[in-house]
Each structure stands twice: as structure tokens, then as C-alpha cells.
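Coordinate inspection notes
So the chains spell out like this:
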Amino acid sequence: MPALTADRVEDASLVVSELVTNATRHGRGECRLRLRAGGRRVTVEVHDDSPHWPRVRPIAELAENGRGLAMVRLLARRLSVPGDVGGGKTVRAVLATACR
């Protein structure tokens, strides 16, 4: 696996922070974090039990909140929200570990 650069570690840390914050703020209590690194990517998954899907809002220059998921979308190669059989959903962001 290519070595993670400091910039990529910072990107992954920001994605984890944003997704966990959203899950704890908008979810129903607990959330679960799963990180996987392999090949040329890092996958961040955050599960919560809320039935409400997250929305990516346009970034407003003067807004004090509501930018997190838009930032995640910019940093991630892929962003998806699969539903879970038992209810809730998992927000999954896949980041590249190296530039191509």
C-alpha cells in the first residue's frame, strides 16, 4: 500500500470528524465508526440508527454550519449512503491514499 501522506491523513481525519459529528448530532444516540485502509484507498464508514438520509447542501459563504457533508464530498473519491436491513444507514466515504 502506498504510504499515507500527512495531507491524506488530515483529509481522513476531517472526514471522520464530520461524519461522526453528523451521526451523533442527527442520529438516535449511538453511532459506529469503521475504518479500512488497503490498496490505494481509505474507507470511512459511520453508521447511525436514524431513518433520515443526510443531504449535501450548497456551501453558503457566511453559513456557520451545514458545510460538513459538502466538504466530505469534495475530499472523497466516492460518497454513498447504503441503508441497513435493521434500520438506519451507513455513510461511506472512500478516499484515495495517493494522487494518480
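Note: the structure precedes this text.
Residue numbers restart at each chain and count upward from 1, following the sequence in its written direction. Residue-level local features of this predicted model are given only where pLDDT is at least 70; pairs of side-chain atoms are given and counted only at 80 or more, and the full residue set underlies all totals for whole chains, interfaces and linings. Heavy atoms from the whole structure form the basis of all side-chain values; hydrogens and water molecules are not counted.

Section: the side chain of Glu45
Note the threshold: Going along the chain from the N terminus, every DSSP run of H or I of four or more residues is numbered as a helix, and every run of E of two or more is numbered as a strand. Summary of the burial criterion: residues with accessible area below 20% of their type's maximum are buried, those above 50% are exposed, and those between are partly exposed, where the area comes from a 1.4 Å probe applied to protein chains only. Think of a polar contact as two N or O atoms within 3.5 Å of one another; within protein, one of them needs to be a possible hydrogen donor and the other a possible acceptor, and neighboring residues in sequence only count if both atoms come from side chains. Should any heavy atoms of two residues lie within 4.5 Å, those residues are counted as being in contact.
Within the secondary structure layout, Glu45 lies in strand E2 (residues 41-48). Residue Glu45 is classed as buried on the basis of its relative accessible area, which comes to 7%. Within the structure, Glu45 has its side chain in polar contact with the side chain of Arg36 (distance 2.9 Å). A polar contact is formed between the side chain of Glu45 and the side chain of Arg92, at a distance of 2.6 Å. With near-sequence residues (within four places) excluded, Glu45 lies in contact with Arg32, Leu33, Arg34, Arg36, Thr90, Val91 and Arg92.

Examining helix H2 (residues 68-75)
Considered for burial, the residues of H2 that qualify are Gly68, Leu69, Ala70 and Val72. Elements that come into contact with the buried residues of H2 comprise helix H1 (6-26), strand E3 (78-80) and strand E4 (89-96).

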